[in-house]
Amino acid sequence: MLTLQQAEKALAKVLDSIELPKLTKKDEQAFLKRLGEHFPALVIKLHQLYGERYDFFFHLQQLVVVLAKAFAARKRKWKNLDERRLKSPAWYRDEKMLGMAVYVDLFAGDLKKLKANIPYLKSMGITYLHLMPLYKAPEGDSDGGYAVSDYRLVDPKLGSEKDLVALADALSAEGISLVLDFVFNHTSDEHRWAEAAKAGDPEFKEFYYFFEDKQEVDDYNQTCREIFPTVRRGSFTFLEPQQEWVWTTFNSFQWDLNYANPAVFNAITDEMLFLANIGCEGLRLDALAFIWKEKWTQCESLPKAHTLIQAFNSCLQIVAPAVLFKSEAIVHPDEVAQYIGKDECQLSYNPLMMALMWESLATRETKLLTASLKKSFEISPDCSWVNYIRCHDDIGWTFDDAIAEQLDINGFDHRRFLNQFYTGRFDGSFAEGVPFQENPTTGDCRVCGSLASLAGLERALEQDDNQLIELALKRIRLLNSINLSIGGIPLIYQGDELGILNDHSYLEDSSKADDARWVNRPAITDDAIARAQLPGSFEASVNQSLKAMIKLRQNNEVFGASRTEILETYNPHLFAYARLNDNGQTMLAICNFSEQEQQVPFSITDILATASVLDILNHSPLQPTEQITLGAYDVKWLVPA
Ligand code: OTU
């Protein structure tokens, strides 16, 4: 490993040997200061990745030029934002933070119309808007845009690059942070790098993983997980014209980038900084677990994947420190945690809580949820979870089998049960989901469906049973309540705020029909929005109860930068946690995951350290000696009165 001193020397040598682009005096000073602060640490990381290469120093020189050019191109407005964010580094741990994820076309039509829809977002209290991939991508199936053909061009169906910049400006003016996808594990096979590689250009062949020898491919396949087994077995695609294999973890048109090549690191850094300079404040690191590969390993979450992400983070710290990284590691909970850190990803999806909330709804028991979150919920106070109930993908049953084992749950059998339950194949299930990527070898499977359909609303409506409809609405409210009150940024997935059911129209589109995830990617029509205003409609019920909770959250500091403590409830159906901050504020949330009435043990409210308690969710004071009971799927948010 290089010492800090050696790394500082390397920086001095680089600066001596290159010409920086034209910068104002003030900018040059600021840039050199940031380089001095972050580049030596970056050199140490890059040396771990590429130190053995003869051209290591050349790539360092190139990288500084990339950084300087991006810094020069960064608008004054965003540079000012950088300074502000550096002064309040934990700005995202705020009760006002509320996210929404939308597809530009499905939500609004195009970027211009989306800009016109900002009032809708404001009416929901949204402060963070994640736009699903909107870049140029292959016609037809592009994995919902996750096959990027050009990071700098907007899909012409959605508008132009100018529209995107205008939208970023407008969102920022309204206090909404824009989050974009950084799809950096792979490009589409139509990206100019891939096209050059196909044409045999040796420089660009090095950008991807090609194998002529089938044995190599077979070796890797022995240890790598299959992500899309119904698309193709194994992680490689055979290219007929070239008579070669190319690494494709996901679809065959998504080619994995070769990060063992420092030129790829530099080229992608350039693209990443271009996205940062559009004016986004968050980058979602798509499929980040897969970016480093080594033979005879699983090629997931390897130590050097972390080194790489930290190196990208250093580049952001130098050029655009206002921009946060959000980790999309949908892996074992212990591995999810490894990506979270001030120097790696400040934000992370919380797939464990997501999956186990659904698990608790199915089993009516909270032991796995409580035990798992007791172990994994706490993260660095510099960082934040991004909590969610549904996203655009499938639900994978991620939990720690060792914890399950201690609770007498067999992981394999339990996942099988959950898949049966949520695809409606289990007798008595309320859920209406669709199976995704069933693996004939391992029996593995995942589940798709909208929040409302998975929570039982679709079935209840089909059966036209008011009591069942009521229960489904309560399940939806229960999940929303946890999402909005536990520590982290709540992320609402488009349509779930309107109670939208599964949408099977994708089956008529040949470019989507093979991908069941489209069942939970509905269009947000004017009609759907209007129905949510209609008094007495189930959509209005979903929307109003959600909005009421949002209002409570955004007006109560205890939901912001407070710790979360997961509590033991001594009742198999209850889940409880407390929020506690340094100003002495506390909030105790308790929810009932069963249809039966449950009594809350007295000792739980001890944490509020007061005899009189107020339930802010239901606006009701509770008598000091009163036995607290929770009806079917009820929730209480208790604070000292
Ligand atoms: C991500 O998800 C995206 O969210 C998906 O929409 C993309 O298809 C995919 O990457 C490729 O870009 O396999 O089923 O273990 O689960 O990164 C979803 C992590 C996925 C993967 C996750 C991936």
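Residues numbered from 1 in each chain as written. Predicted model: local features only at pLDDT ≥ 70, side-chain atom pairs only at ≥ 80, totals over all residues. Heavy atoms only, no water.

(A) Broad picture of the overall build of the protein. Broken down by element type, the protein carries 23 helices and 25 strands. Over its C-alpha trace the protein gives a radius of gyration of 25 Å, about what one expects of a compact globule, namely 26 Å for 641 residues. Considering only C-alpha atoms, the protein reaches an extent of 75 × 55 × 50 Å along its principal axes. Among the 641 residues that make up the protein, the fraction classed as buried is 61%. The long-range share in the protein, meaning contacts at least 24 apart out of those at least 6 apart in sequence, stands at 72%. Put simply, the protein shows about 25,200 Å² of open surface, and 50% of that area lies on carbon and sulfur atoms. Looking at the protein, you have 64 positive and 90 negative side-chain charges, and the mean spots of the two groups are 7 Å apart. (Helix = DSSP H or I, 4+ residues; strand = E, 2+ residues; numbered from the N terminus. Rg over C-alpha atoms; globule rule 2.2 N^0.38 Å. Buried < 20%, exposed > 50% of the residue type's maximum accessible area, 1.4 Å probe, protein only. Contact = heavy atoms within 4.5 Å. Areas by Shrake-Rupley, 256 points an atom, 1.4 Å probe, with all protein chains shown as cover. Lys, Arg positive; Asp, Glu negative; His and termini not counted. Charge placed at Lys NZ, Arg CZ, Asp CG, Glu CD.)

(B) Geometry of the sheet that holds strand E1 (residues 99-102). The strand order around the closed barrel formed by 8 strands is E1-E2-E5-E11-E12-E13-E14-E17, and the pairing between neighbours is parallel. Neighbour-to-neighbour, the strand axes of this sheet turn through a mean angle of 25 degrees, independent of strand direction. Sheet analysis places strand E2 (residues 128-131) next to strand E5 (residues 177-182), joined by 3 bridges and oriented parallel. Within the sheet, the bridge partner assigned to His-130 lies in E5 and is Val-179. (Pairing = 2+ DSSP bridges. Axes fitted to C-alpha atoms, helices over the stretch in contact; angles between N-to-C directions.)

(C) Broad picture of the site of the ligand. Lining the immediate environment of the ligand, one finds 19 residues, of which Asp-143, Arg-284, Asp-286, Glu-328 and Asp-393 sit closest. Arg-446 is positioned such that a nitrogen or oxygen atom in its side chain is 3.1 Å from an oxygen atom of the ligand. Take Arg-517: an N or O atom from its side chain is 3.0 Å from an oxygen atom of the ligand. Of the residues assigned to the shell around the ligand, the class counts are 7 nonpolar, 3 polar and 9 charged. (Near = heavy atom within 4 Å. Polar contact = N/O pair within 3.5 Å; in protein donor to acceptor, adjacent residues only side chain to side chain. Nonpolar A, V, L, I, M, F, W, Y, C, P; charged D, E, K, R; others polar.)

(D) Expanded view of the domain arrangement of the protein. Domain annotation for the protein reports domain 1 (186-256) and domain 2 (558-640). With centres defined by C-alpha atoms, the gap from domain 1 to domain 2 works out at 52 Å. (Domains from an automatic or database assignment.)

(E) Structural context of the nonpolar core. Phe-39, Leu-131, Tyr-259, Trp-358 and Tyr-422 are the most contacted members of the largest nonpolar core, which has 208 residues in total. Two domains each donate at least three residues to this core, and these are domain 1 (186-256) and domain 2 (558-640). Excluding residues within four positions of it along the chain, Tyr-422 makes contact with Trp-358, Leu-361, Ala-362, Trp-397, Phe-430, Ala-431, Glu-432, Gly-433, Val-447 and Leu-454. By size, the runner-up hydrophobic cluster in this structure holds 15 residues, among which are Leu-574, Leu-608, Ile-628 and Leu-638. (Core = buried A, V, L, I, M, F, W, Y, C linked by side-chain atoms within 4.5 Å.)

(F) Region of the structure containing the pairing of E5. Counted residue by residue, E5 has 6 buried out of 6 residues, so it is predominantly covered. Burial of E5 is two-sided: the residues Ser-177, Val-179 and Asp-181 facing one way and the residues Leu-178, Leu-180 and Phe-182 facing the other way are all buried. Here E5 runs beside strand E11 (residues 282-285); their pairing, made up of 4 bridges, is parallel. Paired with Val-179 across the two strands is Gly-282, which belongs to E11.

(G) Highlighting the environment of Leu-63. With respect to the secondary-structure elements, Leu-63 resides in helix H3 (residues 56-73). Along the chain, Leu-63 and Ala-287 lie 224 residues apart, while their C-alpha atoms are 24 Å from each other. Ignoring any residue separated from it by four or fewer positions in sequence, one finds Leu-63 in contact with Phe-39, Leu-42, Leu-46, Phe-265, Asn-266, Thr-269 and Cys-315.

(H) Focus on the sheet that holds strand E7 (residues 210-211). In space, the 3 strands of this open sheet follow the order E7-E9-E8, with antiparallel pairing throughout. Two strands in the sheet have a free side with no partner beyond their single neighbour: E7 and strand E8 (236-239). Where E7 and strand E9 (residues 244-247) come together, 2 bridges link them in antiparallel fashion. The residue of E9 that forms the bridge with Phe-210 is Val-246.

(I) Spotlight on the layout of surface pockets. In this structure, the second largest pocket encloses a volume near 590 Å³. Along the wall of the second largest pocket there are 32 residues; nearest its centre are Arg-93, Ile-379, Ser-562, Arg-563 and Thr-564. It is strand E18 (residues 563-567) that provides the largest number of residues to the lining of the second largest pocket, a total of 4 residues. Per-class residue counts for the lining of the second largest pocket are 12 nonpolar, 9 polar and 11 charged. (1 Å grid on protein atoms, 1.4 Å probe; cavity = no way out; pocket = protein on both sides within 12 Å on 5 of 7 lines; lining within 4 Å. Points joined across faces, edges and corners; volume = space filled by probe spheres on them.)

(J) Just the packing of aromatic side chains, in detail. Taken as a whole and judged by the stated rule, the model has 39 aromatic pairs. When the centroid spacing of 4.5 Å and the interplanar angle of 25 degrees are considered together, the rings of Phe-265 and Phe-312 count as stacked. Residue Phe-265 is found in helix H12 (residues 262-278), and its partner Phe-312 is found in helix H13 (residues 303-319); the two are separated by 47 residues along the sequence. Across the pair, exposure class does not vary: Phe-265 and Phe-312 are buried alike. Aromatic pair Tyr-349 and Tyr-388: ring centres 5.3 Å apart, planes at 80 degrees, arrangement edge-to-face. (Phe/Tyr/Trp six-rings, centres within 6.5 Å; stacked < 30°, edge-to-face > 60°.)

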